[in-house]
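If you want the building blocks of each chain, they are given just below.
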Amino acid sequence: MAITSNTRTAAHDIDPVFLNRWSPRAFNGEPIPQEVVMSMFEAARWAPSAINIQPWRFVYAHRNTPQWEPLFHCLMDMNQAWVAQASILAFILSDRHRRKPGAEPSENRSHSFDAGAAWAYLALQANHLGWAAHAMGGFHVEKAHTALNAPEADYRIEAAIAIGRPADASVLPESYRAREAPSGRQPVESFVFEGRVSALT
Ligand SMILES: Cc1cc2nc3c(=O)[nH]c(=O)nc-3n(C[C@H](O)[C@H](O)[C@H](O)COP(=O)(O)O)c2cc1C
């Protein structure tokens, strides 16, 4: 059964929570109460991970605090333009290794996969609480490793995340306004296969 929410239509029956989460750029700059921030990270905490290693790490700052500037300056200009009105700027990292007392760290093949699940949980919880989380790959990776005190050998910096209260598109610089709408998706049949994947064309 098709369901529609947030201008999006799902071809199969799903909970509207998946349609309602989207990635706005227009934020009103409203400070986020700390208990709300912790609620978002709490949701991330309950993501599944390989042998429950929980390799995700978050580094965050509230806007208008000394911690904000070093993080903000890791973003590419195209993202700084709108993140300036976000309330929280976070980075999600993953620990590349499985660490056990008394043993050498070993490779954790699914560190990024598991961090992706944690990001998704956080974003869904943000939306559930009336806020929005917007992931970004547009940041200076080397700069971020330094700013976050996260050595490249230990951590992969997966994404930056802007969190804020959604606002009207009119608060954005003019060139960003037209894209400020929930996006669509490819049909399920284009990425789901029974038995074996289709040859790439
Ligand atoms: C890993 C990742 C990197 C992204 N990088 C950026 C970015 O640098 N700037 C930006 O404005 N949006 C970025 N996005 C947002 C995507 O464009 C957005 O999630 C996608 O178009 C789907 O739209 P929706 O999240 O509104 O459903 C990124 C999203 C992800 C998950």
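Residues numbered from 1 in each chain as written. Predicted model: local features only at pLDDT ≥ 70, side-chain atom pairs only at ≥ 80, totals over all residues.

Observations regarding the overall build of the protein
Within the protein one finds six helices and eight strands. Against the 2.2 N^0.38 benchmark of 17 Å for 201 residues, the protein shows a C-alpha radius of gyration of 18 Å, consistent with a compact globule. The dimensions of the protein, computed from C-alpha atoms along their principal axes, are 55 × 50 × 35 Å. Residue burial in the protein is summarised as follows: out of 201 residues, 26% are buried. Sequence separation of at least 24 residues holds for 74% of the intrachain contacts in the protein that already meet a minimum separation of 6. (Helix = DSSP H or I, 4+ residues; strand = E, 2+ residues; numbered from the N terminus. Rg over C-alpha atoms; globule rule 2.2 N^0.38 Å. Buried ≥ 20, exposed ≤ 12 C-beta atoms within 10 Å, placed from the backbone. Contact = placed C-beta atoms within 7 Å.)

Here we look at the site of the ligand
Inspection of the region around the ligand gives Trp22, Ser23, Arg25, Asn79, Ala135, Met136, Gly137, Gly138, Ala159, Pro182 and Ser183 as its neighbouring residues. Residue composition of the shell around the ligand, by class: five nonpolar, five polar and one charged. (Near = placed C-beta within 6 Å. Nonpolar A, V, L, I, M, F, W, Y, C, P; charged D, E, K, R; others polar.)

Notes on the nonpolar core
Leu89, Phe91, Ile92, Leu122 and Ile163 are the most contacted members of the largest nonpolar core, which totals 38 residues. Every element with two or more residues in this core is listed here: α2 (34-45), β3 (56-62), α3 (68-72), α4 (77-83), β4 (88-95), α5 (111-128), β7 (132-136) and β8 (155-164). In terms of residues, this core owes the most to one element, α5, which gives seven residues. Those residues in contact with leucine 122, other than ones at most four positions away along the chain, are Met40, Phe41, Ala43, Ala44 and Ala133. (Core = buried A, V, L, I, M, F, W, Y, C linked by C-beta atoms within 7 Å.)

Observations regarding the sheet that holds β8
Sheet architecture is open: four strands sit in the order β3-β4-β8-β7, paired in antiparallel fashion. Strand pairing shows two members of the sheet lacking a second neighbour, β3 and β7, which therefore form its edges. Neighbour-to-neighbour, the strand axes of this sheet turn through a mean angle of 25°, independent of strand direction. Each of β3, β4, β7 and β8 is contacted by α5, which is oriented at about 155° to β4, the strand it contacts most. (Pairing = 2+ DSSP bridges. Axes fitted to C-alpha atoms, helices over the stretch in contact; angles between N-to-C directions.)

Observations concerning α5
With 18 residues, α5 should cover 26 Å at 1.5 Å per step; its first-to-last C-alpha distance of 26 Å lies within 8% of that length. By the burial criterion, the buried members of α5 are His111, Asp114, Ala115, Ala118, Trp119, Tyr121, Leu122, Ala123, Gln125 and Ala126. Along its buried surface, α5 packs onto α2, β3, β4, β7 and β8. (Expected span 1.5 Å × (residues − 1).)

Re the environment of alanine 162
Locating alanine 162 in the fold gives a position in strand β8. For the pair formed by alanine 162 and proline 24, sequence separation is 138 residues and the distance between their alpha carbons is 9.6 Å. In this structure, alanine 162 is in contact with Val83, Ala86, Leu89, His134 and Met136, ignoring residues within four places of it in sequence.

Focus on the pairing of β4
Counting buried positions along β4 gives eight out of eight residues, so the element sits mostly inside the fold. The two faces of β4 match: Ile88, Ala90, Ile92 and Ser94 on one face and Leu89, Phe91, Leu93 and Asp95 on the other face are all buried. Relative to β4, β3 runs antiparallel, the two being bridged by seven bridges. For tryptophan 56, the partnering residue across the bridge sits in β4 and is serine 94. Direction of pairing for β4 relative to β8: antiparallel, over a ladder of eight bridges. Paired with alanine 90 across the strands is isoleucine 161, a residue of β8.

Read these as spatial facts, not as claims about activity.
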